[in-house]
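# Examining the three-dimensional arrangement
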Amino acid sequence: MKIIMLGAPGAGKGTQAKQIAAKYQIPHISTGDIFRANIKNGTELGKKAKTYMDQGALVPDELTCDLVMDRIQQEDCKNGFVLDGFPRTIPQAEALDAALTKIGQTMDYAIDVDVPDENIVNRMSGRRACLNCGATYHIVFNPTKVEGKCDACGNDTVLRDDDKPETVQKRLSVYHEQTQPLIDYYKKQNILKSVDGTLPMDDVFAAIVDILGE
Ligand code: ADP
Ligand code: AMP
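Note that the structure is predicted; figures quoted are calculated from it, not measured.

Further remarks concern the site of ligand 1. As a structural note, the neighbourhood of ligand 1 is formed by 19 residues, with G14, T15, R127, Y137 and L199 the closest of them. Here an oxygen atom of ligand 1 sits 2.6 Å away from a polar atom, N or O, in the side chain of R127. Y137 places a polar main-chain atom, nitrogen or oxygen, 2.7 Å from an oxygen atom of ligand 1. Bound to the protein, ligand 1 loses 93% of the 560 Å² it would expose on its own. Within the residue set of the shell around ligand 1, elements represented by two or more residues are helix 1 (13-24), strand 6 (136-138) and helix 9 (201-212). In terms of residue class, the shell around ligand 1 is made up of nine nonpolar, seven polar and three charged.

Counted under the stated rule, the structure contains 14 salt bridges. With its nearest N and O atoms 2.8 Å apart, the salt bridge here joins R71 to D76. The buried category is assigned to R71, whose relative accessible area is 19%. Of the residues examined, D76 reaches a relative accessible area of 42% and is grouped as partly exposed. Several salt bridges converge on common partners, so that one network encompasses R127, R160, D162, D163 and R171.

This part is about the side chain of T89. Position of T89 relative to the elements: it lies in the loop between strand 3 (81-84) and helix 5 (90-102). In this structure T89 comes out as buried when scored by relative accessible area, which is 5%. One polar contact links T89 to D61, side chain to side chain, over a distance of 3.3 Å. A distance of 3.1 Å separates a polar atom in the side chain of T89 from the backbone nitrogen of Q92. Those residues in contact with T89 that lie beyond four places of it in its chain are L58, D61, Q178 and L182.

What follows covers the site of ligand 2. For ligand 2, the set of nearby residues contains 16 residues, the closest of which are T31, A57, G85, Q92 and R171. V59 places a main-chain nitrogen or oxygen 3.0 Å from a nitrogen atom of ligand 2. One of the side-chain N or O atoms of R88 is found 2.9 Å from a nitrogen atom in ligand 2. In the complex, the protein chains occlude 96% of the 480 Å² of accessible area that ligand 2 would expose alone. Here the shell around ligand 2 takes four residues from helix 2 (residues 31-40), the largest share from any one element.

What follows covers the nonpolar core. Of all hydrophobic cores here, the largest spans 48 residues; its most connected members are I3, M5, I20, I72, L83, L96 and Y186. Discounting residues that sit within four places of it in the chain, L96 has contacts with I4, M69, I72, L83, F86, P87, M107 and Y186. Membership of the second largest hydrophobic core comes to five residues, among which are F35, L45, A49 and M53.

Quick look at the side chain of T157 now. Tracing the backbone through its elements, the reader meets T157 in strand 7 (residues 157-158). Exposure remark for T157: the relative accessible area of 13% places this residue in the buried category.

Calculation criteria
- Residues numbered from 1 in each chain as written.
- Chains lettered and ligands numbered in written order.
- Predicted model: local features only at pLDDT ≥ 70, side-chain atom pairs only at ≥ 80, totals over all residues.
- Heavy atoms only, no water.
- Near = heavy atom within 4 Å.
- Polar contact = N/O pair within 3.5 Å; in protein donor to acceptor, adjacent residues only side chain to side chain.
- Areas by Shrake-Rupley, 256 points an atom, 1.4 Å probe, with all protein chains shown as cover.
- Helix = DSSP H or I, 4+ residues; strand = E, 2+ residues; numbered from the N terminus.
- Nonpolar A, V, L, I, M, F, W, Y, C, P; charged D, E, K, R; others polar.
- Salt bridge = Lys/Arg side-chain N within 4 Å of Asp/Glu carboxyl O.
- Buried < 20%, exposed > 50% of the residue type's maximum accessible area, 1.4 Å probe, protein only.
- Contact = heavy atoms within 4.5 Å.
- Core = buried A, V, L, I, M, F, W, Y, C linked by side-chain atoms within 4.5 Å.

In structure tokens:
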């Protein structure tokens, strides 16, 4: 099963993708997590990506597409994968389609997690991330058991630099300009499904399982 998660920053793509990956036994591929791991490890890619991410801008397609194409061709992706945060532009979607066509495959589902802009700023200012293991929490909707400590690995949880309100506004406008057109792109391919992302997390997941099947 090959799935794309669509939706604004903070809509809940990562939260749902992790659960999809666990239930359907497929890898969760988050380009944001890959960039953050590169930043943490001080790689060249990380240094380049950080300058864009800190401004709320997209990392250029040249730095993003090859990375994903290599990743989806690895052995653990042979039964499918869930993409979270990719594609974010029409050229990225076209690069993905072209790579899959070459190996005689297509995407199965693009799931749009629909959340209006008014809810997004709250979501992002309350998000706390563990930069060690990638777990995500929310101070109100999904708090850690011990304040400021990751439930999974015990490391500190932090407000991401790009989750500060001024950067969130910029990320939202980038989303509307460059990423939202993908909704039509996948509608035309007949693989678009929408879920109401304002519902509690478990209800959103139940709606996704209804789409994907038990
Ligand atoms: P994205 O991957 O789309 O950027 P996340 O999955 O990181 O978004 O979710 C953004 C924030 O909102 C996180 O703090 C997460 O815990 C919280 N969140 C996710 N889904 C819901 C939901 N259905 N209701 C309330 N909060 C949510
Ligand atoms: P995310 O973790 O998905 O919210 O992504 C965080 C940031 O990483 C984004 O605001 C972008 O700067 C960058 N990023 C992640 N995925 C992509 C992508 N597919 N294309 C371009 N930039 C990306």
